[in-house]
Each structure stands twice: as C-alpha cells, then as structure tokens.
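An overview of the molecular structure
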Amino acid sequence: MHSPIHTPAPPRRDIQGLRALAVLAVIGAHAAGWPAGGVMGVDVFFVISGFLITGMLLREERDTGRLSLGSFYARRARRLLPAALTVLIAVGVAGWFLFNRTRAEQTLWDAAWAAVFASNWNFAAQGTDYFADTGAVSPLQHFWSLSVEEQFYLVWPLLLLVVVALTGRTRVRIIAGVLAGTVVAGSFVWALVQSDAQATVAYFSTLTRAWELGLGALVAVLVPLLRRIPRALGGMLQWTGFAGIAASLLLIDPTSGGFPAPWAAAPVAAAALAIAGGVGGDPRHRHLFPLTNPVTVFVGDASYSLYLWHFPVVVFAAVLLPASEWHLWIVLGASVVLGLASYLIIEQPLRYAPFLGGMPRADAPASAPDADPEPAPAPVVAVATTRPEGWTPGTRYFPGSSRPAAPRIEPAAVVAAPVVPVAAVDPVSEPRGDVMAAWRERFAPQVFLATAALIVVALAGTLGVTASGHGPRFGLPELAPAASAPTVSGDPTADLQAELASAAAADAWPSLSPSLDRVMVASSAANPAHDCFSPEATTACGWGSGDAPVHIWLVGDSTAMAYAPAFRRIADDSAGGIRVSAMGMYGCRFTDVLVQNDDPRVMAGCQARKAAVRAAILADKPDLVVMSNAYTLGQSVDGTDLSAENLIAAQRREANSYDVGERMLHLAPPPQGVSLAACYTPSSSPKACDSTVDTTWREMEAASEHAAKTAGDHAMSSLPFTCVDGVCPPFAGTIPTKYDQTHLTVEYAEHIAPALGQALDGAGLLTKR
C-alpha cells in the first residue's frame, strides 16, 4: 500500500498577481483616496483565501483520507502571526508615545482585539465608520479583514471535518460544495439586509462577509470540473475576471451605500472568474502578463506584509508629518520599505523556521515561496533513488558528481514514503541540525542584507525629508509662555472673546487645567446633568432654591446637557433668585419627528422622554424654557433625509407644544469641531485642533433666527461663547473648550456662565413671567 506525500503545485503566478492588484488598490485608497473602490481589494483577498485554503483541505482529505486540524492551524499560525504580532507591538509602542492618552489606550485595546482575531467585532461595537473622514482612526483598523478570515477558518475546517467523518471518503466534494453554496447564499442575503439596516456593522461582520470566502471555496470544490475547460476559454475567463476587478475598483464607490451587498458582488464574482479560468492552464499564465510578470508576482508574494504595514504608516504620518506635496510619497515609500523588510526579515524566515515546525523547501526560490498551498497534482510515490550513496533528502544533486550505477528496481522495492504535511521534516531522513543549517543557509544572507538595506534606506530617507523641511516633527512641542492674568473689562462676553482670540492665535499649547487628556477620559460622565439625560432617567436635575422667583427649564439632546453646568452656575450665583430644572436624553432630538439614532435605547425611549418633559413643563409653567439640539443633519426612522429647515421646523413644533409663548429660547449648540482624539498629540500644535463654522450649522442657525423673528420668541447664537472671527479654538485662557467634536467641557461651560447670563439678561429672559 502506498502512502502519498503532499507535493504542492507550483505557485499560480496569476493568483499572486491578483494579490498584488488587491494590495496596491487598498494602499492607494488609504494613502491617496484613489481608486475610489480600492478598499474592495480586500474582497478580492477573501476570494483568493477561500479558494486556496479550501483546496488545501480537500487535497489533504483526498491524499490521506482525513483532515489534521492541528497541522492546518499550525500552518496558519506560522503564516500569519510573526508579521502580525510585530506590527501590533510596534504600533502599540509608537501609539503610546505619539498619541494622546485616550487614543493611546484605545490603540492598545485595539491591538489586544487584533491579537485574538476579533478586530472586526471590536470596531463594529465602537460604531466605527470605515469611510468617515473625521474622528481618530485606529492605526489597526485594517486588521478587521484578518479577523474575518480567521473566524471563517475556525468554522469552515470543522464543517469539512464533520463531512469527512460522516461520509468517509465518498462524496466529500459534493457535500462540501453544497455547504459552500449554502454559505454563499445565506451570507449574501444577510449582507443585503444588514447593509441597508446597519451599514457599519455589515461592513465588519463575518456573517456578511462569509459569502466572499465561500465563493472562493466553491471554486476550489469545482476544480476537477474546471480543469476540463480548454486553455483558450480559460484564458478568456481570466482576462474577463481581471477586467471586471479593475472596473470595480475604478467605478464603484463603496461610500455611496449598498456595501458590502450588493456592490461587493462585482469584484468578488470577477475574482472568482479569474481564478476559475486559470485552474486548467499553465501555472505561469504568461498570456496574462499584467498579473504574471516577475515584478507583479513579487509584490503579490509580499502583499501580506505590505498590507499589515501600510495603514499604520498612513495614520502615524497624519500625526507626524506636516502638510506638503511630499506627504503622499513619504507615506508610500515608508509603506514599501517597512512592508518589504517585514516580508524578508520576519514573514518568510519565521514561516519556514524549523523551531516553529516549518521546513524550507530546498527547491523553492527565496523570492517567491508558495504563499498558500494550491490544489495538488496526483499523489507522488517515493521510489528507489539513483542519487549517490549518502545523499541527504532535501539537498540538490548535480549531474556529473559520482554515483553508483542505477540499481534494478523490483516491483517489491517500491518504498512507501511516510505521510508528511507540506514543509514538514522527517527527523529520520534529515537530522535537526541539518535542517537548521539548511534554514540558516537559505535565510541568513537574506535577513542580513534586508536588515542592512532597511537601516540605510530609513536613515537616508529620514535625513532627506527632514533636510527638505517635509520630515516628521520629532520631540514635544514647546509650551506657550505662562499667560499673564487677563485684563478684566467688566464685560464677560468681551473678556471671553479676548481669550478665544488669543487661543486662536497661539502656536503652542498653554498648560491647560484640566488637561485635554483628563477631559477626554472623563467625557460626559463628569457632567452634573449626565444622569438626568440618560435613557434610564426618571426625574429632572434641579439647581438653585426651590423658592426662587424665576424658574428655568433646560431641555434637548446632549448639547443641552453640555450647557447644564453653565445654567447650574447661573442658578448658584443668583442669590436664590433662579431655579433651573434640566432633563432630556442624549441622542434624542427634541423635535416632533423621531430622528434616527444608532442607539436602540434612544430609539425606544426618545418619544416617551419628550412626552414626559412636555407634561412637566405644562404643569410647572416655568418662566423660561431653553431648548438646544445638535445642528447636524439626520434622517427620520423611515429613512427620509431631513434638511436644516426640516429639523428647525420640527424643533419649533415640539417647542410650541410647551405653550410658553415668547418665553421660549432656542439656544444654538457649539459648531462642530475636529476630533480631539485625532488632532491632539504630544507633538501637535493647537492650530491642528482649530475648527471653523460648518455650512450646516450656519444654515440651521439662520433658519432658527428667522423663525424666532417670525414667531416672536427667541433664538441665541453660541458663537460669542465658543468662536472668534469664524475660528473655534480648542481652549480659552487655560481651559479646554470641548472634550470631543461637539460637547463643552464642564469647566468651560461654567466659565461661559457669566457671558451666557449677560446675554439672557440682555434679552429680558431672567425675569419673572
């Protein structure tokens, strides 16, 4: 009885070329924003991975009659973990020194999730918008795709193992095909549903991406049939698939909706067609020269390391590099240098390291290893050799060396070779010392030369861009000189505007109290009104004397909550003259139309909260009601887009239901700022965190002012308290203005109380009704 040896087929150059196309598209999209659909290179990777891994599993079952999950996962670990863990450690350390505290800690958490291949669920839970151009992007956000793959391969081999156990060696491909088809159909249908209902979750979810890997698996199942395709027809299919992928990357914009379903079906189907067309052809596929030329193939070989490193480079460059025409080229250059260094120094050597259970194939070129096993040719049977006596398996025999005459081979002399996995070692035929020597001989020069080249290129590149003035900003920024005590003019608004003007002109951070790190960590939890604006709140917050002659209600979403500390101080400073009640719900706009929110608790309780506040106001008959909601666009629950005018009109209809007439004040929220988590770093300038007044805010403020004049009630701008000459700085005096893009810090809200009180008093709103 013969036991076969797994002999991998030569690497399919067209598949390596597809990998190169995919990774270059992803890098281009992340670094330069082109091509528009470049992120769909990940979808091409999914199809390739599904095809290669399933083909390997089916080949193992065909050759041995069983599946070794231990060997499978060991190969996956050697393939993925060394380079991935290197990136995770490097990014975690760099983030700790280059990011602010909040972002640095979040990066460490992201690394922990990535290390256990659960990044996709971490980002889905955070509500990360992959396509958003605001906020602090995690330098490890791209690990989501690796998590999807590995989660799929925790389940898929187990399903195939069950198939083998239940069917033996009969009909394995048929049942595997049925399983793959079921995965494709079920996952795609769910992707259609969730892409419409929860686009953010759909982007990251394994359940909405499994169909892409499943389609690759289905192609692997059909390999025996696909081999019968004439080469000419197969070549046409390959070119058609290649053209389909290129067109998808150039023409489909995933940000426009319908992603991952149905639009990801285009590059996925095209990738499957290209792979299927090449099953029966020459593995070199010379006719498909854009994908099979040596340069493209090498990029495909290194695609994993290039993918791992490019996104951290893009994110850290945004922190370290000044804006210039060299920014893109520095990012691309650094991505290539780090990616190739990782491939040559870490990924390749450790993948084949004997001490990790690997074994370098003596006949494999160092520059193009078989990145993933292909569907194998017919089993190979070991026979008696004609090489010289003492020849060691795994070494080359060169013609011309002395050897004994070829022995006569009897049928009974056929040697049954032991079954070994790809790249495994037979400790009897090749001692461990010889294996280690062979491994060192193959990789030591490569590692040495690549390391030396990395050092030289890194030093030369850093010196070059630094000398040109486009290099990174090393070192901590200089703190601004200690400010002298501001001149008190007696006009709180004028004094506040002077502080904002000084902050907008500052080139260095003053010593802030509290620090930005502290307010970002505290977030809304430090707000005294937090509990009465939560979805679980049952009573309003109250400040000031219960016998105060003037009673004010503050209502609305989280922007109203952010103003609460200012109103609390107004009540406390009124010597018993003002009482303030505050209640609302963050995420719940006080409009008569329910505005969509991603938090299900908000959607479940928003209408009831507005009704409860309305009833309380009607019963109390306060002297003033202050309403504040976000000045951002939104949608109704049925998906209808709400314009600035729609939202202001809906807010005013809700306010009219309070029956307070001219004692209604619509207080504008602060304009949207930039993400502090993204703009504030130990090496940044405060100007990086300056923002301007956005168009939507101006439209909503203008609509509110116009409606107030028409109705005879009041509207008040927030610009005198937050911005100066159209610029909104991140601090005033020594106090941070916001803890995120939208909300005032508790300390700053208290700081603006005198100016806000002055404005209210000037409008005649702090008197008894």
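Owing to the predicted nature of the structure, the values given are computational and were not obtained by experimental measurement.

We now examine the overall build of the protein. Looking only at helices and strands, one finds 27 helices and 12 strands in the protein. Burial analysis of the protein (769 residues in total) assigns 50% to the buried set. Within the protein, residue pairs in contact and separated by at least 24 positions form 80% of the contacts whose partners lie at least 6 positions apart. In the structure as shown, the protein presents an accessible area of about 33200 Å², 64% of it carried by carbon and sulfur atoms.

Pairing is possible between side chains of opposite charge, provided their charged atoms come close. As enumerated under the stated definition, the model contains 18 salt bridges in all. A salt bridge links Arg 101 to Glu 105; its shortest N-O distance comes to 3.2 Å. Here Arg 101 and its partner Glu 105 are both found in helix α4 (residues 101-115), 4 residues apart, which amounts to about one turn of the helix. Residue Arg 101 is classed as partly exposed on the basis of its relative accessible area of 44%. Of the residues examined, Glu 105 reaches a relative accessible area of 30% and is grouped as partly exposed. Each of the salt bridges in this network shares a partner with another, and the network as a whole consists of Asp 43, Arg 209 and Glu 212.

This part covers the packing of aromatic side chains. Enumeration over the complete set of coordinates arrives at 22 aromatic pairs. Ring plane angle 15° and centroid distance 5.1 Å describe the contact between Phe 99 and Phe 316, whose orientation is recorded as stacked. With Phe 99 in the loop between α3 (69-98) and α4 and Phe 316 in helix α15 (residues 303-320), this residue pair connects regions lying 217 residues apart in the sequence. Across the pair, Phe 316 and Phe 99 agree in class, each one buried. Ring geometry for Tyr 203 against Phe 259: centres 5.9 Å apart, planes inclined by 35°, an arrangement best described as tilted. Separated by 56 residues along the polypeptide, Tyr 203 in helix α8 (residues 199-204) and Phe 259 in the loop between α11 (231-251) and α12 (265-277) bring together distant segments of the chain. The exposure classification of Tyr 203 matches that of Phe 259, with both residues buried. Three or more aromatic residues link up through ring pairs in this structure, and these residues are Phe 46, Phe 123, Trp 144, Tyr 203, Phe 204 and Phe 259. One Lys or Arg, Arg 79, reaches over the ring of Tyr 304 and ends 5.3 Å from the middle of that ring. Seen from the ring of Tyr 352, Arg 442 lies directly overhead, with NZ or CZ sitting 5.1 Å from the centre.

What follows covers a nonpolar patch on the surface. There is a patch of nonpolar side chains on the surface, built from Leu 85, Ile 89, Val 93, Trp 96, Phe 97 and Leu 108 and spanning about 630 Å² of accessible area. The element that contributes the greatest number of residues to the nonpolar patch is α3, accounting for 5 residues.

Secondary-structure assignment places Gly 639 in the loop between β5 (634-635) and β6 (641-642). Since its relative accessible area comes to 38%, Gly 639 is described here as partly exposed. C-alpha of Gly 639 to C-alpha of Gln 596: the two residues are 43 residues apart in sequence and 8.0 Å apart in space.

A word on α3. Here α3 is 30 residues long and its end C-alpha atoms lie 41 Å apart, about the 44 Å a rise of 1.5 Å per residue gives. The sharpest bend along α3 comes to roughly 40°, located at Leu 81, with the proline Pro 82 sitting one to four residues further on.

Our focus in this paragraph is the sheet that holds strand β7 (residues 664-667). With respect to topology, 6 strands assemble into an open sheet ordered β1-β3-β2-β4-β7-β9, the strand pairing being mixed. The strands lining the two open edges of the sheet, one partner per strand, are β1 (541-543) and β9 (714-716). Taken pair by pair, the neighbouring strands of this sheet meet at an average axis angle of 20°, ignoring direction. Sheet topology places β1 next to strand β3 (residues 578-584); 3 bridges connect them, and they run antiparallel. If you follow Gly 542 over to β3, its bridge partner there is Ser 581. Across the sheet, helix α20 (residues 558-572) is in contact with β1, β2 (550-556), β3, β4 (624-628) and β7; its angle to β2 comes to roughly 165°. Across the face of the sheet, helix α24 (residues 695-711) comes into contact with β7 and β9 while running at roughly 155° to β9.

A few words on the side chain of Arg 589. Within the fold, Arg 589 resides in the loop between β3 and α21 (600-620). No salt bridge is formed by the buried Arg 589, whose closest oppositely charged neighbour, Asp 557, lies at an N-O distance of 4.8 Å. At a separation of 3.3 Å, a polar atom in the side chain of Arg 589 contacts the main-chain carbonyl oxygen of Leu 633. Among all residues touching Arg 589, those that are not within four sequence positions of it are Asp 557, Val 595, Cys 606, Lys 610, Asn 629, Ala 630, Thr 632, Leu 633, Gly 634 and Leu 647.

Formed by 74 residues in total, the largest nonpolar core has its most connected members in Phe 51, Leu 57, Trp 144, Trp 156 and Ile 275. No other element matches the 12 residues that helix α2 (residues 41-64) contributes to this core. Cys 541, Val 550, Ala 582 and Ile 752 belong to the second largest nonpolar core, which has 42 residues in total.

A few words on the pairing of β7. Residues Met 664 and His 666 line one face of β7 and the alternating positions Leu 665 and Leu 667 line the opposite face, and both faces are buried. Bridge analysis of β4 against β7 gives 3 bridges, and the strand direction is parallel. Opposite Val 625, over in β7, you have Met 664 as the bridge partner. Sheet topology places β7 next to β9; 3 bridges connect them, and they run parallel. By the bridge assignment for β9, Leu 665 is matched with His 714.

The subject of this paragraph is the side chain of Ser 524. Relative to the helices and strands, Ser 524 resides in the loop between α19 (516-522) and β1. Look past the residues within four positions of Ser 524 in its chain and what remains in contact with it is His 530, Met 561 and Tyr 739.

What counts as what
- Residues numbered from 1 in each chain as written.
- Predicted model: local features only at pLDDT ≥ 70, side-chain atom pairs only at ≥ 80, totals over all residues.
- Heavy atoms only, no water.
- Helix = DSSP H or I, 4+ residues; strand = E, 2+ residues; numbered from the N terminus.
- Buried < 20%, exposed > 50% of the residue type's maximum accessible area, 1.4 Å probe, protein only.
- Contact = heavy atoms within 4.5 Å.
- Areas by Shrake-Rupley, 256 points an atom, 1.4 Å probe, with all protein chains shown as cover.
- Salt bridge = Lys/Arg side-chain N within 4 Å of Asp/Glu carboxyl O.
- Phe/Tyr/Trp six-rings, centres within 6.5 Å; stacked < 30°, edge-to-face > 60°.
- Lys NZ or Arg CZ within 6 Å of the ring centre and 35° of its normal.
- Patch = residues over 30% accessible without salt bridge, like charges linked within 9 Å, V, L, I, M, F, W, Y side chains within 5 Å.
- Expected span 1.5 Å × (residues − 1).
- Bend = angle between axes of the 7 residues up to and from the residue.
- Pairing = 2+ DSSP bridges.
- Axes fitted to C-alpha atoms, helices over the stretch in contact; angles between N-to-C directions.
- Lys, Arg positive; Asp, Glu negative; His and termini not counted.
- Polar contact = N/O pair within 3.5 Å; in protein donor to acceptor, adjacent residues only side chain to side chain.
- Core = buried A, V, L, I, M, F, W, Y, C linked by side-chain atoms within 4.5 Å.

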